[in-house]
Amino acid sequence: MKVLHIVMLASFLATQASADVIELTVRADQPGDRISRYLYGQFAEHLGRGIYEGVWVGEDSAIPNTRGIRNDVIDALKQLHIPVVRWPGGCFADEYHWRDGIGPRDQRPVRINTHWGWVEEDNAFGTHEFFDFIEQIGSEAYIAGNAGSGPPREMAQWLEYMTADNDTTLARLRRANGRDEPWKVPFFGVGNESWGCGGNMTPAYYADVYNRYATFLKAPSGNQPKLVASGGSGEQTEWTEELAANTRARMDGISHHYYTLPTGNWSAKGRATGFGEEEWLTTLRNTMRIDDYLSHNEAVLDKHDPDGNVGIYLDEWGTWYDAEPGSNAGFLYQQNSIRDAVVAALNFNIFHRHARRLHMANIAQTVNVLQAVVLTDGPKILRTPTYHAFEMYVPFQDATFVPVDLVSSPEIRVQDEALPQISASAAIAESGELILSLVNLHPSEPVKVRADLWGFEIGSIDTRVLAGDSIDAHNTFDNPDAVMPAPLAVVRKSNGVSMLLPAHSVAVMKISAE
């Protein structure tokens with residue numbers, strides 16, 4: 001994508017924001033698809049300080065830990081009700097050989113992580129440690145298998161090692177390594193980014209690879225994972241087309257990847273902080289392109305799979321900026337601001353509208369890498385604005401989508417395109433509450449919002465807002481609570497609510513039934 005140039009006058013936008021009241025209608029009388037909790041998944045790769053230091057510090061560390069996994073990170077992640085974690089990659093997955101990560105740690109081989117920083121990988125964090133991690137946070141496993149440099153037998157044996165419930169040699173080996181009962185493996189990916197770091201394959205070649213590998217991925221009854229093929233990225237549809245048309249083995253999903261770059265230019269992506277309003281807007285515009293990309297791939301699946309059996313797995317998404325100054329560029333460490341929280345909320349609102357075909361989404365990544373929810377520095381930890389966006393949206397997990405109609409809304413012009421000033425989404429939670437999310441995309445002006453509720457009698461109202469004192473406001477280890485959710489004043493109307501939504505903010509409202 002080319003760099004977008006902003007065509008707007010700040011004074012015009014300020015006038016529009018102050019003059020207009022944005023009106024919307026929440027159609028609680030028209031319930032739609034279930035918003036799967038798996039749309040709020042995480043992705044943890046062996047990359048930089050994501051696993052080592054971010055999750056794993058070792059049992060002898062001075063940092064408080066449980067069996068080597070740091071307690072403060074576990075405590076933070078548990079509050080997000082994370083449904084699933086994808087591991088061990090990413091590009092790392094197609095060079096990962098699972099037997100390197102089992103058995104006594106002092107006997108595990110040391111490899112080179114050729115993708116990310118050319119650093120030593122001592123395999124201290126392997127299969128057993130990963131499952132310990134997700135059990136501690138109350139999550140589920142999405143295993144990414146090695147289809148790039150490993151044979152089908154290796155992948156099949158890893159699945160057997162994890163799931164075998166009988167007395168096979170691999171089941172005995174797992175028990176000897178400390179795990180008696182098999183693990184549940186709900187999701188298994190056959191390779192990663194096979195168009196690039198996973199093998200530089202063509203769609204047709206990979207379709208045959210998938211058919212071959214998937215044929216041998218077998219598990220006991222009741223523990224057979226959903227199988228996910230490696231798909232395309234960005235605006236691509238050819239991978240979905242090829243796989244949907246020519247896959248003979250069982251396939252439950254096709255992955256897709258999309259990263260938000262402020263500039264759209266991989267060689268100069270843009271800064272994580274210290275940016276201006278133009279880069280704020282281009283970031284949001286580039287984020288919202290995923291709406292069209294999902295629609296285009298859904299149309300392909302609707303043609304080949306009208307019954308809706310195959311889902312889209314957006315198992316890598318998030319912001320990607322230039323490396324933080326002074327950091328190892330191969331570690332992909334970046335600061336995380338209120339802009340990232342707005343990006344996350346925009347994505348969530350889009351994901352909800354695609355809940356019929358979008359079966360999973362996994363942000364990249366959980367700790368210390370790209371759009372992380374948690375950052376660490378030795379024994380220190382902070383929750384990023386993105387973390388708070390995830391926490392605020394927890395009530396949407398497994399809720400029932402209801403449409404929101406924008407009756408009136410000013411726009412922000414970006415070249416020959418228009419950004420809506422407000423993004424909204426609503427659902428009926430499992431608790432019966434109506435959940436309404438609102439995002440103010442304007443970088444500098446608050447906006448008045450009135451929401452009329454159809455088919456829902458208003459009881460108590462609880463509203464929180466996440467904002468900041470600037471468009472790059474962020475938490476630091478010296479000030480970890482600079483950007484935090486706060487209560488938002490809401491005026492109750494006869495059949496709705498109204499509020500003043502701060503600039504560059506995310507609000508989530510929980511309304512109980514009367």
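Please refer to the structure placed before this passage.
Residues numbered from 1 in each chain as written. Predicted model: local features only at pLDDT ≥ 70, side-chain atom pairs only at ≥ 80, totals over all residues. Heavy atoms only, no water.

**Student:** Would you mind showing me how to read the overall build of the protein here?
**Tutor:** A tally of helices and strands in the protein yields 11 helices and 27 strands. At 23 Å, the protein has a C-alpha radius of gyration in line with the 24 Å of a compact globule built from 514 residues. Classification of the 514 residues of the protein by burial places 58% in the buried group. Contacts in the protein between residues far apart in sequence, at least 24 positions, make up 77% of those at least 6 positions apart. Summed over all atoms, the accessible surface of the protein reaches about 19200 Å², with 49% contributed by carbon and sulfur. (Helix = DSSP H or I, 4+ residues; strand = E, 2+ residues; numbered from the N terminus. Rg over C-alpha atoms; globule rule 2.2 N^0.38 Å. Buried < 20%, exposed > 50% of the residue type's maximum accessible area, 1.4 Å probe, protein only. Contact = heavy atoms within 4.5 Å. Areas by Shrake-Rupley, 256 points an atom, 1.4 Å probe, with all protein chains shown as cover.)

**Student:** Help me understand the nonpolar core, please; the structure alone is not making it clear to me.
**Tutor:** General note: in soluble globular proteins, nonpolar side chains tend to be found buried as a group. By size, the foremost hydrophobic cluster in this structure holds 107 residues, and its most contacted members are F130, F133 and I143. Per-element tally for this core: the top contributor is helix α10 (residues 338–353), with 10 residues. Setting aside chain neighbours within four positions, we find F130 in contact with V85, W87, F125, A141 and I143. Within the second largest apolar cluster, 25 residues are counted, among which are L24, A28, V449 and F456. (Core = buried A, V, L, I, M, F, W, Y, C linked by side-chain atoms within 4.5 Å.)

**Student:** Just checking my understanding: could you explain the sheet that holds strand β27 (residues 505–513) for this structure?
**Tutor:** In sheet architecture, strand pairing relies on hydrogen bonds along the backbone and comes in two forms, parallel and antiparallel. Across the sheet, which stays open at both edges, the 6 strands sit in the order β16-β20-β21-β27-β23-β24 with antiparallel pairing between neighbours. Each edge of the open sheet carries a strand with a single partner, namely β16 (400–402) and β24 (486–487). Judged from the 3 bridges that link them, β16 and strand β20 (residues 422–428) form a sheet pairing that is antiparallel. Note on β20: the bridge partner recorded for F401 is A427. Contacts from helix α11 (residues 385–392) reach β23 (458–466) and β27, with the element oriented near 170° to β23. (Pairing = 2+ DSSP bridges. Axes fitted to C-alpha atoms, helices over the stretch in contact; angles between N-to-C directions.)

**Student:** Help me understand the packing of helix α6 (residues 203–215) against helix α7 (residues 238–246), please; the structure alone is not making it clear to me.
**Tutor:** The relative placement of two packed helices is expressed as an angle between their axes plus a distance between the axes. Axis separation between α6 and α7 bottoms out at 9 Å; the angle between their running directions is 45°. Taken as axis vectors, α6 and α7 run oblique relative to one another. Crossing hand, α6 versus α7: right-handed. Two secondary-structure elements touch here, α6 through P203, A204, Y206, A207 and N211 and α7 through E238, W239, E242, L243 and N246. Looking at the contact of α6 with α7 residue by residue, the class counts come to 6 nonpolar, 2 polar and 2 charged. (Parallel < 35°, antiparallel > 145°, perpendicular 65-115°, else oblique. Left-handed = near helix turned anticlockwise from the far one by under 90°. Nonpolar A, V, L, I, M, F, W, Y, C, P; charged D, E, K, R; others polar.)

**Student:** Just to check I follow, could you spell out the state of the cysteines for this structure?
**Tutor:** Every disulfide links exactly two cysteines, by a covalent bond between their sulfur atoms. Tallied over the entire structure, the rule returns 1 disulfide. Across a sulfur-sulfur distance of 2.2 Å, C91 and C197 are joined as a disulfide pair. Residues C91 and C197 are joined through a disulfide that is left-handed, its torsion about the S-S bond being -90°. Of this pair, C91 sits in the loop between β5 (84–87) and β6 (111–113) while C197 is found in the loop between β9 (187–190) and α6, placing the two residues 106 residues apart along the sequence. (Disulfide = S-S within 2.5 Å.)

**Student:** What am I meant to see in α7 here?
**Tutor:** An α-helical segment advances 3.6 residues per turn. Residues three or four places apart therefore align on the same side. Taken together, the buried positions of α7 are occupied by W239, T240, E242 and L243. Relative to the axis of α7, the buried residues are bounded by an arc of 165° and lie together on one face. Residues of α7 that are buried in the fold lie against α6, β10 (226–229), β11 (253–260) and α9 (290–304). (Arc of directions from axis to C-beta.)

**Student:** Hey, could you run me through the sheet that holds strand β26 (residues 496–501) in this one?
**Tutor:** One open sheet holds the 5 strands; their spatial order is β17-β1-β22-β26-β25, and the pairing between them is mixed. Either end of the sheet is taken by a strand with one partner, and the two such strands are β17 (404–408) and β25 (491–492). Strand direction decides the pairing type here: strand β22 (residues 447–454) and β26, joined by 6 bridges, are antiparallel. Residue pairing across strands places V447 opposite L501, the latter belonging to β26.

**Student:** How should I be thinking about the pattern of salt bridges in this particular structure?
**Tutor:** A side chain of one charge can pair with a side chain of the opposite charge if their charged atoms are brought near each other. In this structure the tally under the stated criterion is 28 salt bridges. Notably, a salt bridge pairs R70 with D72, separated by 2.8 Å at the nearest N-O pair. D252 is paired through a salt bridge with R250; the nearest N and O atoms lie 2.5 Å apart. In this structure, a network of salt bridges that share partners links the residues R34, R37, E140 and D398. (Salt bridge = Lys/Arg side-chain N within 4 Å of Asp/Glu carboxyl O.)

**Student:** Explain the pairing of strand β18 (residues 411–414) to me, please; I cannot follow it from the model alone.
**Tutor:** In summary, the side chains of a regular strand alternate between the two faces of the sheet. Residue alternation in β18 divides its side chains into a buried set, I412 and V414, and an unburied set, E411 and R413. In terms of strand pairing, β18 meets strand β19 (residues 417–420) through 4 bridges, oriented antiparallel. Looking across to β19, one finds that I412 is bridged to L419. What sits between β18 and β19 in their antiparallel hairpin is a turn of 2 residues, with Q415 showing a positive phi close to 55°.

**Student:** What exactly am I supposed to notice about the environment of D322 here?
**Tutor:** Mapping D322 onto the fold places it in the loop between β12 (311–319) and α10. For D322 and T463, which are 141 residues apart along the polypeptide, the C-alpha to C-alpha distance reads 35 Å. For D322, the contacting residues outside a window of four places in its chain are A268, K269 and G270. A polar contact of 2.9 Å, which involves the side chain of D322, links it to the backbone nitrogen of K269. (Polar contact = N/O pair within 3.5 Å; in protein donor to acceptor, adjacent residues only side chain to side chain.)

**Student:** Could you clarify how one ought to interpret the packing of aromatic side chains in this entry?
**Tutor:** Geometrically, a pair of aromatic rings is defined through the distance of the ring centres and the angle of the planes. All chains considered together, the criterion is met by 28 aromatic pairs. Here the aromatic rings of F348 and F390 are separated by 4.9 Å at their centres, their planes lie at 80°, and the arrangement is edge-to-face. Linking F348 in helix α10 with F390 in helix α11, this pair joins segments that are 42 residues apart in sequence. As far as the burial class goes, F348 and F390 line up, both buried. Every member of this aromatic cluster is reached through a ring pair, and the members are W56, W87, F92, Y96, F125, F130, F131, W158, W183 and F188. Across from the ring centre of Y142, 5.8 Å away, lies the NZ or CZ of R86, which sits over that ring. (Phe/Tyr/Trp six-rings, centres within 6.5 Å; stacked < 30°, edge-to-face > 60°. Lys NZ or Arg CZ within 6 Å of the ring centre and 35° of its normal.)

**Student:** I keep staring at the side chain of S437 and nothing clicks. Help me out?
**Tutor:** Tracing the sequence through the fold places S437 in strand β21 (residues 434–440). Judged by relative accessible area, S437 falls into the buried class, the value being 0%. Polar contacts involving the side chain of S437 include one to the side chain of N349, which spans 2.9 Å. Among residues more than four places away in sequence, those in contact with S437 are N349, Y393, F396, S423, A424, S425, A507 and V508.

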